[in-house]
Amino acid sequence: MPESTAMAQGTGDAIRVLPTALVYHFTLPHTIDFLPEVTESLGMRVNLKDTGKNVFETFGDYIKGDLKWEHIDNDEQRRMNDWLTAWIVLSTSWPYIPILGIYSGFKLGADMVKGDESQKWMAGILSLLLTAPFNVIMGMYEAANFTSARIREQGLDKAFLEMADKIPTTLSAGMSEEDKKYPVNTFADGATKAVTNVMMAPFLPLMGTYRVTCTIGDLTHRDRRIQFISMLLGAPILATIGLPYFALVQSGDVARKIATEGKLVNWVSKFLGDAGDAVKSIGKQ
């Protein structure tokens, strides 16, 4: 193979991997440390609750039962919590999923016995042996609970929601009040939303998975176990068959929000209006 061809293939691979690497870096646990600095540099301010505990201490709280998953009444926060939970569990939780599976299997048997500690240990060990084939599934369930509780405790879901809400405001920061209040032209409205949709194409997979998670969560969130089973069975199917549809629907919603709340449609309308006036003035000369 010629050297130039090999270099081109290597470059192509690097370009294909780059978006995934960026998403991994900015949306996973690193986010907990860097989110405030990144958002403040973009004109946003996000405060994360400092619990004063590292991940190992928090994990110990979960084992003791001090850190529990709780139902979130705010639907937007719940959806964001579910999406972040699924993303982090599937991407970074594999090292401790077997440990959580062992813990869950042992606890299942130990909690069934009302006798002394030796009987609880025997029941726990027996339960652990019987549930061994389901260790990964049980571990994922516990990992989801642990991650969801930690996200909620640190306020990471609220931080992401606040950041998303401030994106339109940030985009319109340089516009004058005259631009923001300019009457919206129908053509400019449609064109702005269409262009905004196209510009978000690199983020379609993320928006598709978010919409899939929200759809399943909205139907099943009243029961945590049903939600987990539905997500485990339904998410891969919906993400495989319907991901383009869910991605486009979510992209359309986001594009409309950015174009409308960010006053981009007003700015484009004014730009087209000014351009039209300039053309007319030239024609009159």
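Residues numbered from 1 in each chain as written. Predicted model: local features only at pLDDT ≥ 70, side-chain atom pairs only at ≥ 80, totals over all residues. Heavy atoms only, no water.

1. A closer look at the overall build of the protein
Okay, so step 1: From N to C terminus, the protein includes 14 helices and zero strands.
Okay, so step 2: For the protein, the sequential pattern of α-helices and β-strands runs α-α-α-α-α-α-α-α-α-α-α-α-α-α.
Okay, so step 3: Residues counted as buried form 36% of the 285 residues belonging to the protein.
Okay, so step 4: Approximately 17200 Å² of the protein is accessible, and the part contributed by carbon and sulfur atoms is 66%. (Helix = DSSP H or I, 4+ residues; strand = E, 2+ residues; numbered from the N terminus. Buried < 20%, exposed > 50% of the residue type's maximum accessible area, 1.4 Å probe, protein only. Areas by Shrake-Rupley, 256 points an atom, 1.4 Å probe, with all protein chains shown as cover.)

2. Quick notes on the confidence of the model for the protein
Okay, so step 1: Mean pLDDT over the protein works out to 79, with 80% of the residues at or above the 70 mark.
Okay, so step 2: Counting contacts from residues 1-12, a segment whose pLDDT is below 50, to residues more than four positions away or on other chains yields two contacts.
Okay, so step 3: The model gives residues 20-31 a pLDDT under 50, and that stretch makes 16 contacts with residues more than four places away or in other chains. (pLDDT = per-residue confidence, 0-100. Contact = heavy atoms within 4.5 Å.)

3. Quick look at the packing of aromatic side chains
Okay, so step 1: Overall, the coordinates contain seven aromatic pairs when judged by the stated rule.
Okay, so step 2: These aromatic residues form a ring-pair network of at least three members: F59, Y62 and F146. (Phe/Tyr/Trp six-rings, centres within 6.5 Å; stacked < 30°, edge-to-face > 60°.)

4. With respect to the packing of helix 11 (residues 204-220) against helix 13 (residues 243-261)
Okay, so step 1: For the pair helix 11 and helix 13, interaxial distance at closest approach is 7 Å and the crossing angle is 100°. The orientation of helix 11 with respect to helix 13, classified from their angle, is roughly perpendicular. Contacts from L204, P205, M207, G208, T209, Y210, R211, V212 and T215 of helix 11 reach helix 13 at L243, F246, A247, V249, Q250, S251, D253 and V254.
Okay, so step 2: Here the contact of helix 11 with helix 13 is built from residues that sort into ten nonpolar, five polar and two charged. (Axes fitted to C-alpha atoms, helices over the stretch in contact; angles between N-to-C directions. Parallel < 35°, antiparallel > 145°, perpendicular 65-115°, else oblique. Nonpolar A, V, L, I, M, F, W, Y, C, P; charged D, E, K, R; others polar.)

5. What to know about the packing of helix 10 (residues 186-199) against helix 13
Okay, so step 1: Running from N to C, helix 10 and helix 13 point in directions that differ by 125°, and their axes come no closer than 9 Å. In terms of their interaxial angle, helix 10 and helix 13 are classed as oblique. Crossing handedness for the pair helix 10 and helix 13: right-handed. Residues T192, K193, T196 and N197 of helix 10 form the contact with helix 13, whose participating residues are S251, G252, A255, R256, I258, A259 and T260.
Okay, so step 2: Residues belonging to the contact of helix 10 with helix 13 are distributed by class as follows: three nonpolar, six polar and two charged. (Left-handed = near helix turned anticlockwise from the far one by under 90°.)

6. Section: the pattern of salt bridges
Two side chains with opposite charge may pair up if their charged atoms get near one another.
Okay, so step 1: Inspection of the entire model under this criterion finds 14 salt bridges.
Okay, so step 2: Across the pair D61 and K53 runs a salt bridge whose closest N-O atoms are separated by 2.6 Å.
Okay, so step 3: According to the relative accessible area criterion, D61 is buried, its value standing at 11%.
Okay, so step 4: The class for K53 is partly exposed, based on a relative accessible area of 38%.
Okay, so step 5: For the salt bridge of D218 with R79, the shortest nitrogen-to-oxygen distance reads 3.0 Å. Highlighted residues: D218 in helix 11 and R79 in helix 4 (residues 75-92), separated in sequence by 139 residues.
Okay, so step 6: Classification of D218 by relative accessible area gives partly exposed; the value is 34%. (Salt bridge = Lys/Arg side-chain N within 4 Å of Asp/Glu carboxyl O.)

7. Section: helix 5 (residues 97-110)
Okay, so step 1: For helix 5, spanning 14 residues, the distance from its first C-alpha to its last is 20 Å, which sits close to the expected 20 Å at 1.5 Å a residue.
Okay, so step 2: Within helix 5, the full set of buried residues consists of I97, L100, G101, Y103, S104, G105, G109 and A110.
Okay, so step 3: Structurally, helix 5 contributes buried residues whose contacts are with helix 3 (55-64), helix 4, helix 6 (117-130) and helix 7 (135-154). (Expected span 1.5 Å × (residues − 1).)

8. Regarding a nonpolar patch on the surface
Okay, so step 1: Together, F134, I137, I229, L232 and L233 make up an exposed nonpolar region whose accessible area comes to about 470 Å².
Okay, so step 2: At three residues, the largest contribution of residues to the nonpolar patch is made by helix 12 (residues 224-241).
Okay, so step 3: With respect to the element layout, I229 can be found in helix 12.
Okay, so step 4: Residue I229 is classed as partly exposed on the basis of its relative accessible area, which comes to 47%. (Patch = residues over 30% accessible without salt bridge, like charges linked within 9 Å, V, L, I, M, F, W, Y side chains within 5 Å.)

9. Focus: the environment of T213
Okay, so step 1: Here T213 is to be found in helix 11.
Okay, so step 2: Under the relative-accessibility criterion, T213 is labelled buried at 6%.
Okay, so step 3: Separated by 26 residues in the primary sequence, T213 and A239 place their C-alpha atoms 9.3 Å from one another.
Okay, so step 4: In this structure, T213 is in contact with D82, W83 and M231, ignoring residues within four places of it in sequence.

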